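# Analysis of the macromolecular model
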There are 2 protein chains.
Amino acid sequence: MILDEFEIIKKYFSKTLKKFDENVIQDIGDDCALVKIPKNHVLAISTDTLTEKIHFLKDMHPSDLGYKIVAVNLSDLAAMGAKPKWITISLTLPKINALWIKHFSECLFKTLDSYNMKLIGGNTTRGPLSITASIYGIIPKNQALLRNKAKIGDLIYVTGTLGDSAAGLFLLKNKPKTMTKSLNYLVKKHLRPIPRIMHGQLLRNIASSAIDISDGLFSDLQKILNFSQCGANINLNKLPISNVLKENFSKKKWLKFATNSGEDYELCFTIPKKNISNLKNAINHLGIQYNCIGEIDHIKNGYNIFYRGKNINFSCKGYNHFLKNNE
Amino acid sequence: MILDEFEIIKKYFSKTLKKFDENVIQDIGDDCALVKIPKNHVLAISTDTLTEKIHFLKDMHPSDLGYKIVAVNLSDLAAMGAKPKWITISLTLPKINALWIKHFSECLFKTLDSYNMKLIGGNTTRGPLSITASIYGIIPKNQALLRNKAKIGDLIYVTGTLGDSAAGLFLLKNKPKTMTKSLNYLVKKHLRPIPRIMHGQLLRNIASSAIDISDGLFSDLQKILNFSQCGANINLNKLPISNVLKENFSKKKWLKFATNSGEDYELCFTIPKKNISNLKNAINHLGIQYNCIGEIDHIKNGYNIFYRGKNINFSCKGYNHFLKNNE
């Protein structure tokens, strides 16, 4: 515990205490937080850590961090179809920098407010910059979206566009001389990814499985394939790629960004074919594109990659082989 | 995420998957864990971080760390009267050291097993050694032990003995030439504190308030005084001090260890006088000493310190003044 942990908590992290939530019996201030779970609901719990130089670049703005620690954890709730409720934050800081903490906490609370969430606990510690959040959401009984329920013949969808976040990270690392509006768009997609919370909840009785894309499309979809013991046919030409990404990067680069780079925080989900019209009715009004990129198949835990109808040899852990044959 | 996070999880952290808990719908392996909370119970949540060089000495044995990350979090559940259920662990490691992880995880699971707990999630990250755990327990509705319910006239108790852990830490730092059996006892009290889980649950309808002693008796009891808006008369000569501590350290040292040093993880609690016999009936059989050290009074949020019946001038943030007058 750092010397003035209590003053920090009081000054910057007590805003949440004013917010009423009938299911929170005790928030910050006692040994534990106490919460009630509404009848016929289960609690979804996820925890994620962001560490400087590993998960974010040195000198990332504290506002972006305050946003991102919530967003990446929310993305896990989205992938289960959970409604966000509460969060705890463990903050490790190299030193007390009041301005840094002010920016971080302001953006943290702004983000929590926009999802109607409440900070219910946490701790601050001295050490190399790192943030761990545990996030809590609720789901009606038996309606969680799991990874192990994809069936052969199910269609595979992704929300939004893929690869923008990885392109944004590339730009932050490589600092181009001029930052155009469209390059800033990509950077923003990296710094401020939008977790697909509403999609997740609306997919509850429609999708057979879901996961959020944090490590990269092929890596994350692979987890559904492993848990569901099936394979996937993927139409590479159906991947949703933003015009901004295509216009600013080579095909080699954007394909890599879209398939094997992470942090898009879009949802990848499967639905039985009979649910196509239900899917439209449920999520069309959200105004976010969603695209069918393939179909679950019986190939054991692996991929069959197609490009414009042609079965191609594409390394799902890289892009070189594909490009040699298909550029 | 480190490259082989999944292999690490699979090899060392999947033991829990075999353990049945009817309230766990989904444990490690999906985006979130899913749990049910038994009817008429509330969920207690606490989170704590241990960081190398801040919370533990460099080169602390991974077995001790695997124990301690559970124990310090359990202590928060104990102080609320909660029954332990689940835990998530976020582990940040500077490098993959299989033997380190083996020792850590083996002792972690052994400790969890002994409290009938289940690991339901977590993550591993590369970075300076640090561990954050979030712990979950359940409490029957309206029976949680809070910090704000102490009343004037209530008696103040502590479990076990105070100061042993601080003495143990002192020994680890100052490395005496010969480590006697009794010095090893003190070191063990520091490395392997026993959270008072059974006491906490048995105090549910007896204690008016409770807290665990992690920062030091006066510092932690002060929180009860602040939240309950009252003061305390403390009989310094009633503090439970082990013979081992008294025999191996000066009075100046052991008084400091017992009052202003932390990590004993004993419970400090208050009870209305009418509950004295209930208290005996409830916890005598546990075979752990518990001592009345004072009484809640109306002094606003402060301490009145007595030594053998005499009101003395004792700095609750230090020991010097007391010793000048009373040694």
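Residues numbered from 1 in each chain as written. Chains lettered and ligands numbered in written order. Predicted model: local features only at pLDDT ≥ 70, side-chain atom pairs only at ≥ 80, totals over all residues. Heavy atoms only, no water.

Using the following cut-off: UniProt positions are given in the numbering used here, feature names are shortened, and annotations may be inferred rather than shown by experiment.
If you check an unreviewed UniProt entry, chain A appears there as Thiamine-monophosphate kinase from Buchnera aphidicola subsp. Schlechtendalia chinensis. Quoted straight from UniProt, the Sequence similarities (unreviewed entry) entry for chain A says "Belongs to the thiamine-monophosphate kinase family." UniProt lists a comment for chain A under the heading Catalytic activity (unreviewed entry), and it reads "thiamine phosphate + ATP = thiamine diphosphate + ADP".

## Points about the overall build of chain A
The condition that has to hold: Runs of H or I in DSSP of at least four residues are treated as helices and runs of E of at least two as strands, each being numbered from the N terminus. We take the radius of gyration over the C-alpha atoms and set the globule estimate at 2.2 Å times the residue count to the 0.38 power. Whether a residue is buried, partly exposed or exposed follows from its accessible area with a 1.4 Å probe, protein chains only, as a fraction of its type maximum: under 20%, in between, or over 50%, in that order.
Counting its secondary structure elements, chain A contains 11 helices and 13 strands. Against the globule reference of 20 Å for 327 residues, chain A gives a C-alpha radius of gyration of 21 Å, in line with a compact fold. Taking the principal axes of the C-alpha coordinates as reference, chain A spans close to 65 × 55 × 35 Å. Residue burial in chain A is summarised as follows: out of 327 residues, 60% are buried.

## Focus: the pairing of strand 10 (residues 267-271) of chain B
All names here are of chain B. Applicable threshold: Should DSSP find at least two bridges between two strands, the strands are regarded as paired.
Where burial is concerned, most of strand 10 is hidden: 5 out of the 5 residues are buried. Of the two faces of strand 10, both are covered, the one formed by L267, F269 and I271 as well as the one formed by C268 and T270. In this sheet, strand 10 lies alongside strand 7 (residues 155-159) in antiparallel orientation, the contact comprising 4 bridges. Within strand 10, the residue paired with L155 across the bridge is I271.

## Looking at the packing of aromatic side chains
Put simply, the rule is: Each Phe, Tyr or Trp ring (for Trp, its six-membered ring) is paired with any other whose centre lies within 6.5 Å, and the angle between the two planes then decides the class: stacked below 30 degrees, edge-to-face above 60, tilted in between. Each ring is checked for a lysine NZ or an arginine CZ that lies within 6 Å of its centre and within 35 degrees of its normal; such an atom marks a charge sitting over the ring.
Tallied over the entire structure, the rule returns 21 aromatic pairs over all chains. With a centroid separation of 6.4 Å and 50 degrees between ring planes, the pair formed by F13(A) and F109(A) is classed as tilted. Residue F13(A) is located in helix 1 (residues 5-13), and its partner F109(A) is located in helix 3 (residues 98-114); the two are separated by 96 residues in the primary sequence. Neither residue differs from the other here; F13(A) and F109(A) are each classed as buried. Plain terms: the ring middles of F249(A) and F257(A) are 5.3 Å apart, the flat faces sit at 80 degrees to each other, and that makes the pair edge-to-face. An identical accessibility class is assigned to F249(A) and F257(A); each is buried. Linked through ring pairs, F13(A), W100(A), F104(A) and F109(A) together constitute an aromatic cluster. The ring of W254(B) has K246(B) lying over it, and the distance from NZ or CZ to the ring centre is 5.6 Å.

## Observations regarding the side chain of D64(B)
Operational definition: Any pair of residues with heavy atoms lying within 4.5 Å of one another is described as a contacting pair.
Tracing the chain through its elements places D64(B) in helix 2 (residues 62-80). Apart from the residues within four sequence positions on either side, D64(B) is in contact with L191(B) and R192(B).

## Digging into the domain arrangement of chain A
All names here are of chain A. Heads up, the condition is: Here the limits of each domain have been adopted from an automatic or database domain assignment. Summed over both partners, the accessible area (1.4 Å probe) lost when two parts come together is defined as the buried area. In the analysis that follows, any N or O atom pair within 3.5 Å is treated as a polar contact, provided that within protein one partner can donate a hydrogen and the other can accept it, and provided that, for residues neighboring in sequence, both atoms belong to side chains.
According to the domain assignment, chain A consists of domain 1 (5-140) and domain 2 (155-321). Computed over C-alpha atoms, the centres of domain 1 and domain 2 are 27 Å apart. Counting residues at the interface gives 24 residues for domain 1, matched by 20 residues for domain 2. For the pair domain 1 and domain 2, the two sides together bury roughly 1700 Å², of which 60% comes from carbon and sulfur. For the domain 1 face of the interface with domain 2, the top three residues by lost area are L57, Y67 and K68, together amounting to 28%. The tally of links from domain 1 across to domain 2 stands at 6 residue pairs in polar contact (both at pLDDT 80 or more). Sorting the residues of the side of domain 1 that touches domain 2 by element identifies helix 2 (62-80), strand 4 (83-93) and strand 6 (130-140) as the ones contributing at least two each. Looking at which element gives the most residues to the side of domain 1 that touches domain 2, the answer is helix 2, with 12 residues.

## Quick word on the sheet that holds strand 4 (residues 83-93) of chain B
Adjacent strands of a sheet form backbone hydrogen bonds with each other and so pair up, either parallel or antiparallel. The criterion, for reference: Angles here are taken between N-to-C directions and fall from 0 to 180 degrees, while the axes themselves are lines fitted to C-alpha atoms, restricted in helices to the stretch in contact.
What the 6 strands build is an open sheet, ordered 1(A)-2(A)-3(B)-6(B)-4(B)-5(B); its pairing is mixed. Of all strands in the sheet, those bounded by a partner on one side alone are strand 1 (24-26) of chain A together with strand 5 (118-126) of chain B. Strand-to-strand twist across the sheet, computed as the mean angle between neighbouring axes with direction ignored, equals 20 degrees. As paired strands, strand 1 of chain A and strand 2 (residues 33-35) of chain A are joined by 2 bridges and run antiparallel to one another. Looking across to strand 2 of chain A, one finds that V24(A) is bridged to V35(A). Contacts from helix 2 of chain B reach strand 2 of chain A together with strand 3 (41-51), strand 4 and strand 6 (130-140) of chain B within the one sheet, and its direction differs from that of strand 3 of chain B by about 140 degrees. Of the strands in this sheet, strand 4, strand 5 and strand 6 of chain B touch helix 3 (residues 98-114) of chain B, which is tilted by about 170 degrees from strand 4 of chain B.

## Points about unusual backbone geometry
Residue and element names in this part refer to chain B. Of note, the phi angle at Q229 is positive, near 50 degrees, even though the residue is not glycine. Note that Q229 resides in the loop between helix 7 (217-228) and strand 9 (231-235). Classification of Q229 as exposed rests on a relative accessible area of 60%. Phi angles above zero are rare outside glycine, and E263 is one such case at about 70 degrees. With respect to the helices and strands, E263 occurs in the loop between helix 9 (251-260) and strand 10. Residue class for E263 comes out buried when judged on its relative accessible area of 19%.

## Quick notes on the relation of the copies chain B and chain A
Each of the two copies of the chain can be brought onto the other by a rotation about an axis and a shift along it. Where we set the bar: For this overlay, a least-squares fit was computed on C-alpha atoms, restricted to residues scoring pLDDT of at least 70 in both copies.
Expressed as a screw transformation, the operator carrying chain B onto chain A has a rotation angle of 180 degrees and an axial translation of 0.0 Å, and the superposed copies differ by an RMSD of 0.0 Å. When the rotation and shift are considered jointly, the pair of chain copies conforms to a two-fold rotation axis. Both copies share a contact surface, since 100% of the interface residues of chain B are interface residues in chain A too.

## Examining the pattern of salt bridges
For the record, the criterion: The salt bridge definition used is simple: a Lys or Arg side-chain nitrogen within 4 Å of an Asp or Glu carboxyl oxygen.
Scanning the entire structure with this criterion turns up 22 salt bridges over all chains. Here E263(A) and K68(A) are joined by a salt bridge, their closest N and O atoms 2.9 Å apart. Remark: K68(A) occurs in helix 2 and E263(A) occurs in the loop between helix 9 (251-260) and strand 10 (267-271); sequence separation between them is 195 residues. One salt bridge in this structure joins K273(A) and E295(A), with 3.0 Å as the shortest N-O distance. Placement of the pair is K273(A) in the loop between strand 10 and helix 10 (276-283) and E295(A) in strand 11 (residues 290-297), with a sequence separation of 22 residues. Judged by relative accessible area, E295(A) falls into the partly exposed class, the value being 29%. A single network of salt bridges, built from pairs that share partners, joins D30(A), D31(A) and R147(B).

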